[in-house]
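Summary of structural features
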Amino acid sequence: MIDAALRRWLPVATLLSCLLPAGAGAQGASTLADARAWLSRIHAAASSGNYQGTMVFSAGGLLSSSRVWHYCVGDQTYEKLETLDGRQQRIVRHNDTVHTLWPQARVAVVEKRETLAAWSTTPQTVDPQALEQYEWQLHGTARVAGREATVFMLEPRDALRYAQRLWADQATGLMLRADVIGPGAERPVLESTAFSEIEIDVKAQPEAVLQTLRKIDDYRVVRPRQKRTTLEAEGWTLAQPVAGFRLAGCVRRGMETAGENEPVLQAVFTDGLTHVSVFLESYQPQRHRGEMQARQGATATVTQRRGEHWITAVGDVPPATLKLFVDAIERRR
(Lines give C-alpha, C1' and ligand atoms only; values in the text may rest on other atoms or scores of the structure.)
Protein backbone atom coordinates (compact mmCIF):
# COMPACT_ATOMS: atom_id res chain seq x y z
CA MET A 1 0.00 0.00 0.00
CA ILE A 2 0.99 3.62 0.29
CA ASP A 3 4.46 4.46 1.59
CA ALA A 4 4.60 3.96 5.37
CA ALA A 5 5.59 7.54 6.12
CA LEU A 6 2.76 9.02 4.08
CA ARG A 7 0.28 6.45 5.37
CA ARG A 8 0.91 7.45 8.98
CA TRP A 9 1.02 11.15 8.03
CA LEU A 10 -2.43 11.57 6.51
CA PRO A 11 -4.74 10.14 9.21
CA VAL A 12 -3.33 12.85 11.50
CA ALA A 13 -5.15 15.39 9.36
CA THR A 14 -8.61 14.14 10.42
CA LEU A 15 -8.76 15.20 14.05
CA LEU A 16 -11.45 17.83 13.45
CA SER A 17 -13.82 18.54 16.33
CA CYS A 18 -12.73 15.36 18.16
CA LEU A 19 -9.92 17.41 19.68
CA LEU A 20 -12.15 18.92 22.36
CA PRO A 21 -11.20 17.60 25.82
CA ALA A 22 -14.00 16.16 27.88
CA GLY A 23 -15.34 18.59 30.47
CA ALA A 24 -13.99 21.77 28.83
CA GLY A 25 -15.66 24.78 30.43
CA ALA A 26 -16.29 28.35 29.29
CA GLN A 27 -12.67 29.33 29.88
CA GLY A 28 -10.72 28.82 26.69
CA ALA A 29 -13.87 28.18 24.65
CA SER A 30 -12.69 30.54 21.92
CA THR A 31 -9.38 28.66 21.72
CA LEU A 32 -11.23 25.37 21.31
CA ALA A 33 -13.43 26.91 18.63
CA ASP A 34 -10.30 28.08 16.81
CA ALA A 35 -8.85 24.59 17.09
CA ARG A 36 -12.02 23.11 15.60
CA ALA A 37 -11.87 25.53 12.69
CA TRP A 38 -8.16 24.86 12.15
CA LEU A 39 -8.53 21.13 12.11
CA SER A 40 -11.49 21.31 9.75
CA ARG A 41 -9.21 23.20 7.36
CA ILE A 42 -6.50 20.55 7.76
CA HIS A 43 -8.98 17.82 6.84
CA ALA A 44 -10.27 19.70 3.78
CA ALA A 45 -6.78 20.60 2.53
CA ALA A 46 -5.48 17.03 2.77
CA SER A 47 -8.48 15.38 1.14
CA SER A 48 -9.54 17.84 -1.57
CA GLY A 49 -6.61 20.17 -2.23
CA ASN A 50 -4.27 20.20 -5.24
CA TYR A 51 -0.62 20.15 -4.26
CA GLN A 52 2.74 18.69 -5.24
CA GLY A 53 6.12 18.68 -3.57
CA THR A 54 9.01 16.77 -2.09
CA MET A 55 8.55 15.00 1.23
CA VAL A 56 11.49 14.03 3.44
CA PHE A 57 11.27 11.22 6.00
CA SER A 58 13.89 10.71 8.72
CA ALA A 59 14.07 8.00 11.39
CA GLY A 60 16.87 6.29 13.29
CA GLY A 61 19.58 8.16 11.43
CA LEU A 62 18.13 7.20 8.03
CA LEU A 63 16.92 9.79 5.54
CA SER A 64 14.72 9.26 2.50
CA SER A 65 12.70 11.48 0.20
CA SER A 66 9.71 11.09 -2.09
CA ARG A 67 8.00 13.19 -4.70
CA VAL A 68 4.27 13.62 -4.04
CA TRP A 69 1.42 14.68 -6.35
CA HIS A 70 -2.21 15.05 -5.19
CA TYR A 71 -5.03 16.31 -7.43
CA CYS A 72 -8.80 16.43 -7.16
CA VAL A 73 -11.07 17.00 -10.16
CA GLY A 74 -14.72 16.93 -9.20
CA ASP A 75 -15.26 13.63 -7.39
CA GLN A 76 -12.09 12.09 -8.88
CA THR A 77 -8.89 11.78 -6.82
CA TYR A 78 -5.44 11.24 -8.34
CA GLU A 79 -2.31 10.60 -6.28
CA LYS A 80 1.23 9.62 -7.06
CA LEU A 81 4.21 9.02 -4.80
CA GLU A 82 7.66 8.26 -6.17
CA THR A 83 10.65 7.42 -3.98
CA LEU A 84 13.81 9.34 -4.80
CA ASP A 85 16.25 7.23 -2.78
CA GLY A 86 17.11 3.53 -2.65
CA ARG A 87 14.98 0.99 -4.46
CA GLN A 88 12.65 2.54 -7.03
CA GLN A 89 9.00 2.52 -6.06
CA ARG A 90 6.02 4.36 -7.53
CA ILE A 91 2.55 4.34 -6.01
CA VAL A 92 -0.36 5.58 -8.10
CA ARG A 93 -3.93 5.90 -6.87
CA HIS A 94 -7.01 6.77 -8.89
CA ASN A 95 -9.99 6.81 -6.57
CA ASP A 96 -10.12 3.35 -4.95
CA THR A 97 -7.56 1.58 -7.12
CA VAL A 98 -3.93 1.60 -5.96
CA HIS A 99 -0.99 0.49 -8.14
CA THR A 100 2.35 -0.13 -6.41
CA LEU A 101 5.05 -0.32 -9.08
CA TRP A 102 8.56 -1.78 -8.70
CA PRO A 103 10.35 -0.73 -11.92
CA GLN A 104 13.55 -2.70 -11.35
CA ALA A 105 11.67 -5.96 -10.75
CA ARG A 106 9.02 -5.07 -13.37
CA VAL A 107 6.24 -5.91 -10.91
CA ALA A 108 2.95 -4.07 -10.39
CA VAL A 109 0.75 -4.82 -7.37
CA VAL A 110 -2.86 -3.75 -7.90
CA GLU A 111 -5.22 -3.48 -4.94
CA LYS A 112 -8.51 -1.90 -4.04
CA ARG A 113 -8.10 0.75 -1.39
CA GLU A 114 -9.52 -0.45 1.89
CA THR A 115 -11.71 1.83 3.95
CA LEU A 116 -9.47 1.32 6.97
CA ALA A 117 -7.36 4.37 7.76
CA ALA A 118 -4.14 2.42 8.07
CA TRP A 119 -4.42 1.20 4.45
CA SER A 120 -5.57 4.45 2.92
CA THR A 121 -3.98 7.38 1.16
CA THR A 122 -6.60 9.90 2.20
CA PRO A 123 -7.79 11.00 5.65
CA GLN A 124 -10.42 9.03 7.52
CA THR A 125 -13.00 9.99 10.14
CA VAL A 126 -11.76 9.73 13.72
CA ASP A 127 -13.87 8.33 16.53
CA PRO A 128 -15.15 11.13 18.82
CA GLN A 129 -13.52 9.37 21.79
CA ALA A 130 -10.06 9.47 20.16
CA LEU A 131 -8.83 12.47 22.11
CA GLU A 132 -9.54 10.79 25.40
CA GLN A 133 -6.06 9.38 24.75
CA TYR A 134 -4.36 12.69 23.89
CA GLU A 135 -4.25 16.28 25.13
CA TRP A 136 -4.28 18.98 22.45
CA GLN A 137 -1.91 21.96 22.83
CA LEU A 138 -1.12 25.01 20.69
CA HIS A 139 2.62 25.60 20.28
CA GLY A 140 2.83 28.86 18.34
CA THR A 141 4.07 29.33 14.78
CA ALA A 142 7.08 28.35 12.65
CA ARG A 143 8.21 28.17 9.00
CA VAL A 144 8.25 24.94 7.00
CA ALA A 145 9.27 24.75 3.32
CA GLY A 146 9.19 28.54 3.17
CA ARG A 147 5.60 28.76 4.44
CA GLU A 148 4.18 30.03 7.72
CA ALA A 149 2.72 27.24 9.83
CA THR A 150 0.78 26.86 13.07
CA VAL A 151 2.22 24.24 15.43
CA PHE A 152 0.11 21.80 17.48
CA MET A 153 1.07 19.12 20.01
CA LEU A 154 -0.84 15.97 20.86
CA GLU A 155 0.35 14.67 24.23
CA PRO A 156 -0.59 11.08 25.18
CA ARG A 157 -2.39 10.55 28.45
CA ASP A 158 -0.57 7.26 29.12
CA ALA A 159 2.60 5.36 28.18
CA LEU A 160 0.94 3.21 25.49
CA ARG A 161 1.43 5.76 22.69
CA TYR A 162 3.74 8.54 21.50
CA ALA A 163 3.25 12.29 21.33
CA GLN A 164 3.01 13.97 17.93
CA ARG A 165 3.89 17.52 16.94
CA LEU A 166 2.14 18.86 13.83
CA TRP A 167 2.76 21.87 11.57
CA ALA A 168 -0.21 23.13 9.49
CA ASP A 169 0.04 25.70 6.70
CA GLN A 170 -1.57 28.94 7.85
CA ALA A 171 -2.87 29.90 4.41
CA THR A 172 -4.50 26.59 3.45
CA GLY A 173 -4.41 24.23 6.45
CA LEU A 174 -2.34 21.59 4.65
CA MET A 175 -0.12 19.53 6.95
CA LEU A 176 3.50 20.49 6.26
CA ARG A 177 5.32 18.47 8.90
CA ALA A 178 4.65 15.82 11.55
CA ASP A 179 7.08 14.59 14.24
CA VAL A 180 6.63 11.53 16.44
CA ILE A 181 8.05 12.37 19.88
CA GLY A 182 9.48 9.78 22.26
CA PRO A 183 9.01 9.70 26.05
CA GLY A 184 11.43 10.83 28.76
CA ALA A 185 13.00 14.12 29.77
CA GLU A 186 14.86 14.54 26.49
CA ARG A 187 11.71 14.02 24.32
CA PRO A 188 13.63 12.63 21.30
CA VAL A 189 12.17 12.96 17.80
CA LEU A 190 11.70 9.33 16.74
CA GLU A 191 10.49 10.15 13.25
CA SER A 192 9.94 13.28 11.21
CA THR A 193 8.02 13.64 7.95
CA ALA A 194 8.08 17.06 6.29
CA PHE A 195 7.77 18.81 2.97
CA SER A 196 11.12 20.31 1.96
CA GLU A 197 9.41 22.16 -0.87
CA ILE A 198 5.77 22.34 -1.88
CA GLU A 199 3.40 24.02 -4.32
CA ILE A 200 -0.19 24.42 -3.11
CA ASP A 201 -3.33 25.21 -5.11
CA VAL A 202 -1.62 24.13 -8.33
CA LYS A 203 -3.50 23.29 -11.53
CA ALA A 204 -4.66 19.68 -11.44
CA GLN A 205 -2.79 17.42 -13.85
CA PRO A 206 -4.49 14.00 -13.66
CA GLU A 207 -2.86 12.84 -16.90
CA ALA A 208 0.56 13.36 -15.34
CA VAL A 209 -0.44 10.78 -12.73
CA LEU A 210 -2.20 8.29 -14.99
CA GLN A 211 0.48 8.24 -17.70
CA THR A 212 2.68 6.22 -15.34
CA LEU A 213 0.20 3.34 -15.64
CA ARG A 214 0.48 3.34 -19.44
CA LYS A 215 4.09 2.24 -19.23
CA ILE A 216 3.65 -1.09 -17.45
CA ASP A 217 2.72 -3.42 -20.33
CA ASP A 218 5.79 -5.56 -19.65
CA TYR A 219 5.22 -5.70 -15.87
CA ARG A 220 4.12 -8.82 -14.03
CA VAL A 221 0.79 -7.78 -12.54
CA VAL A 222 -0.08 -9.14 -9.08
CA ARG A 223 -3.60 -8.78 -7.71
CA PRO A 224 -3.58 -10.06 -4.10
CA ARG A 225 -6.81 -11.62 -2.95
CA GLN A 226 -8.55 -9.55 -0.28
CA LYS A 227 -11.70 -10.28 1.65
CA ARG A 228 -13.17 -8.29 4.50
CA THR A 229 -13.87 -10.46 7.53
CA THR A 230 -13.84 -10.42 11.34
CA LEU A 231 -11.54 -11.87 13.96
CA GLU A 232 -14.39 -13.99 15.29
CA ALA A 233 -15.25 -15.41 11.87
CA GLU A 234 -11.60 -16.46 11.47
CA GLY A 235 -11.51 -18.12 14.90
CA TRP A 236 -9.63 -15.42 16.83
CA THR A 237 -10.40 -12.98 19.61
CA LEU A 238 -8.64 -10.22 21.53
CA ALA A 239 -9.11 -11.60 25.04
CA GLN A 240 -7.95 -8.43 26.79
CA PRO A 241 -8.58 -5.06 25.07
CA VAL A 242 -5.61 -2.69 24.93
CA ALA A 243 -6.61 0.58 26.60
CA GLY A 244 -7.65 3.30 24.16
CA PHE A 245 -7.57 1.10 21.03
CA ARG A 246 -10.53 -0.26 19.11
CA LEU A 247 -10.70 -2.69 16.20
CA ALA A 248 -11.02 -0.70 12.97
CA GLY A 249 -11.42 -3.73 10.71
CA CYS A 250 -10.06 -7.03 9.53
CA VAL A 251 -9.10 -8.47 6.15
CA ARG A 252 -7.86 -11.83 4.88
CA ARG A 253 -5.35 -11.32 2.12
CA GLY A 254 -2.85 -13.21 0.03
CA MET A 255 0.76 -12.06 0.37
CA GLU A 256 3.72 -12.66 -1.92
CA THR A 257 5.97 -13.78 0.95
CA ALA A 258 3.45 -16.26 2.32
CA GLY A 259 2.11 -17.48 -1.00
CA GLU A 260 -1.40 -17.03 -2.34
CA ASN A 261 -2.43 -20.39 -0.89
CA GLU A 262 -1.39 -19.28 2.62
CA PRO A 263 -3.54 -16.20 3.29
CA VAL A 264 -2.64 -13.81 6.08
CA LEU A 265 -5.22 -12.32 8.41
CA GLN A 266 -4.62 -8.63 9.18
CA ALA A 267 -6.49 -6.85 11.97
CA VAL A 268 -6.06 -3.08 12.34
CA PHE A 269 -6.57 -1.32 15.67
CA THR A 270 -6.68 2.45 16.14
CA ASP A 271 -6.74 4.99 18.94
CA GLY A 272 -7.91 7.65 16.52
CA LEU A 273 -4.43 8.96 15.71
CA THR A 274 -2.12 5.99 15.31
CA HIS A 275 -2.66 2.41 14.17
CA VAL A 276 -1.48 -1.08 15.08
CA SER A 277 -1.64 -3.99 12.62
CA VAL A 278 -1.71 -7.57 13.90
CA PHE A 279 -0.92 -10.23 11.27
CA LEU A 280 -1.94 -13.86 11.88
CA GLU A 281 -0.69 -16.70 9.67
CA SER A 282 0.31 -20.34 9.75
CA TYR A 283 3.73 -21.01 11.28
CA GLN A 284 6.31 -21.87 8.61
CA PRO A 285 9.77 -22.82 9.96
CA GLN A 286 11.51 -21.85 6.71
CA ARG A 287 10.16 -18.27 7.01
CA HIS A 288 9.63 -17.70 10.71
CA ARG A 289 13.09 -18.13 12.16
CA GLY A 290 12.87 -16.52 15.59
CA GLU A 291 10.71 -14.39 17.85
CA MET A 292 11.81 -10.76 18.21
CA GLN A 293 11.09 -7.23 19.39
CA ALA A 294 12.53 -4.42 17.28
CA ARG A 295 12.09 -0.71 16.68
CA GLN A 296 13.16 1.55 13.80
CA GLY A 297 12.29 5.18 14.40
CA ALA A 298 8.75 5.17 15.78
CA THR A 299 7.77 1.88 14.12
CA ALA A 300 8.06 -1.17 16.35
CA THR A 301 7.64 -4.84 15.45
CA VAL A 302 6.94 -7.78 17.76
CA THR A 303 6.73 -11.40 16.56
CA GLN A 304 5.79 -14.53 18.45
CA ARG A 305 4.89 -18.14 17.74
CA ARG A 306 1.60 -19.40 19.16
CA GLY A 307 1.29 -23.12 18.54
CA GLU A 308 0.82 -23.60 14.80
CA HIS A 309 0.43 -19.89 14.18
CA TRP A 310 2.78 -16.93 13.81
CA ILE A 311 1.77 -13.52 15.16
CA THR A 312 3.31 -10.22 14.01
CA ALA A 313 2.31 -6.85 15.47
CA VAL A 314 3.51 -3.60 13.84
CA GLY A 315 2.75 0.01 14.72
CA ASP A 316 4.01 3.46 15.66
CA VAL A 317 3.74 2.70 19.36
CA PRO A 318 6.17 1.47 22.04
CA PRO A 319 7.11 -2.23 21.75
CA ALA A 320 5.46 -2.84 25.12
CA THR A 321 2.13 -1.78 23.59
CA LEU A 322 2.55 -4.26 20.75
CA LYS A 323 3.39 -6.98 23.26
CA LEU A 324 0.00 -6.36 24.89
CA PHE A 325 -1.69 -7.06 21.57
CA VAL A 326 0.35 -10.19 20.89
CA ASP A 327 -0.30 -11.59 24.37
CA ALA A 328 -4.04 -10.82 24.17
CA ILE A 329 -4.78 -12.38 20.77
CA GLU A 330 -6.11 -15.93 21.22
CA ARG A 331 -7.68 -18.73 19.23
CA ARG A 332 -11.36 -19.08 20.14
CA ARG A 333 -12.32 -22.33 21.78
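None of these values were measured; they are calculated from a predicted model.

Reading guide: rules and limits
- Each chain carries its own residue numbering, running from 1 in the written order of its sequence.
- Local features in this predicted model are restricted to residues whose pLDDT is 70 or higher, and side-chain atom pairs enter the listing and the counts only when it is 80 or higher, whereas totals over whole chains, interfaces and linings include all residues.
- Each side-chain value is worked out from all heavy atoms of the structure, with water and hydrogens disregarded.
- Strands are runs of DSSP state E lasting at least 2 residues, helices are runs of H or I lasting at least 4, and numbering of each runs from the N terminus.
- Accessible area is worked out with a 1.4 Å probe on protein chains only. A residue is then buried under 20% of its type maximum, exposed over 50%, and partly exposed in between.
- Contacts: residue pairs with any heavy atoms within 4.5 Å of one another.
- Here the Shrake-Rupley method, with its probe set to 1.4 Å, supplies the accessible areas, and only the displayed protein chains count as covering residues.
- Side-chain atoms within 4.5 Å are what join buried Ala, Val, Leu, Ile, Met, Phe, Trp, Tyr and Cys residues into a set we call a nonpolar core.
- As used in this structure description, the phrase polar contact means that two N or O atoms lie within 3.5 Å; if the pair is within protein, one of them must be able to donate a hydrogen and the other to accept it, and residues adjacent in sequence are counted only when both atoms belong to side chains.
- Salt-bridge detection follows one rule: a side-chain nitrogen of Lys or Arg within 4 Å of a carboxyl oxygen of Asp or Glu.
- Criterion used throughout: strands pair if DSSP finds at least two bridges between them.
- Note on geometry: axes are lines fitted to C-alpha atoms, helical ones only across the stretch in contact, with angles between N-to-C directions running from 0 to 180 degrees.
- The predictor reports its confidence for every residue as pLDDT, a score running from 0 up to 100.

**Observations concerning the overall build of the protein chain**
When you go through the protein chain residue by residue, the secondary structure sums to 4 helices and 21 strands. Residue burial in the protein chain is summarised as follows: out of 333 residues, 52% are buried. The long-range share in the protein chain, meaning contacts at least 24 apart out of those at least 6 apart in sequence, stands at 52%. Here the protein chain has roughly 15400 Å² of accessible surface; of this, 49% comes from carbon and sulfur atoms.

**Regarding the nonpolar core**
In this structure, L231, F269, V278, L280 and F325 are the most contacted members of the largest nonpolar core, which totals 23 residues. Of all elements in the fold, only β14 (236-238), β16 (259-270), β17 (275-282), β19 (299-306), β20 (309-315) and α4 (319-328) reach the threshold of two or more residues within this core. For this core, the leading source of residues is α4, giving 4 residues. Aside from chain neighbours lying at most four places away, what touches L280 is L231, W236, V264, L265, W310, I311 and I329. Listed in part, the 16 residues of the second largest apolar core include V151, W167, L176 and I200.

**Some points on the side chain of D169**
The topology assignment puts D169 in strand β9 (residues 163-169). By relative accessible area, D169 is classed as buried at 1%. Of the polar contacts made by the side chain of D169, one reaches the side chain of T172; its length is 2.7 Å.

**Looking at the pattern of salt bridges**
Within this structure, the stated rule accounts for 17 salt bridges. We note a salt bridge from R147 to D169, for which the minimum N-O separation is 2.8 Å. Pair noted here: R147 is in strand β8 (residues 147-156) and D169 is in strand β9, with a separation of 22 residues, a long-range link. Assessed through its relative accessible area of 23%, R147 is described here as partly exposed. Between D158 and R161 there is a salt bridge, and its shortest N-O distance comes to 2.9 Å. Here R161 falls in the buried class, since its relative accessible area comes to 3%.

**Brief notes about the sheet that holds strand β3 (residues 76-83)**
The strand order across the open sheet formed by 12 strands is β7-β8-β9-β10-β11-β1-β2-β3-β4-β5-β6-β12, and the pairing between neighbours is mixed. At either end of the open sheet lies a strand with only one pairing partner, and these are β7 (134-144) and β12 (220-222). The sheet shows a mean angle of 15° between the axes of neighbouring strands, direction not considered. Note: β8 against β9, 6 bridges, orientation antiparallel.

**Section: the environment of S192**
Here S192 is to be found in strand β11 (residues 189-200). C-alpha separation for the pair S192 and F57, spaced 135 residues apart in sequence, amounts to 5.8 Å. If near-sequence neighbours (up to four positions away) are discounted, S192 is found in contact with V56, F57, S58, R177, A178 and D179. Here D179 takes part through its side chain, which lies 2.6 Å from a polar atom of the side chain of S192.

**Observations regarding the confidence of the model for the protein chain**
Of the residues in the protein chain, 80% have a pLDDT of 70 or more, and the chain-wide mean is 82. Within the protein chain, no element has a lower average pLDDT than helix α1 (residues 4-9), which sits at 49, and none a higher one than α4, at 96. Every residue in residues 115-128 scores below 50 in pLDDT, and together they form 50 contacts with partners more than four places removed in sequence or on other chains.

**Here we look at the pairing of strand β5 (residues 97-102)**
Here strand β4 (residues 90-94) pairs with β5 via 5 bridges, running antiparallel. When the bridges of β5 are listed, R90 appears paired with L101. Counted between consecutive antiparallel strands, the loop separating β4 from β5 contains 2 residues, among which N95 sits at a positive phi close to 55°. Between β5 and strand β6 (residues 107-112), which follow one another and run antiparallel, lie 4 residues, and R106 among them has a positive phi close to 55°.

**Examining the side chain of E155**
Considering the arrangement of structural elements, one finds E155 in strand β8. Of the polar contacts made by the side chain of E155, one reaches the side chain of R187; its length is 3.2 Å. With sequence-adjacent residues up to four places away left out, E155 is seen in contact with Q133, Y134, E135, Q137, A163 and R187.

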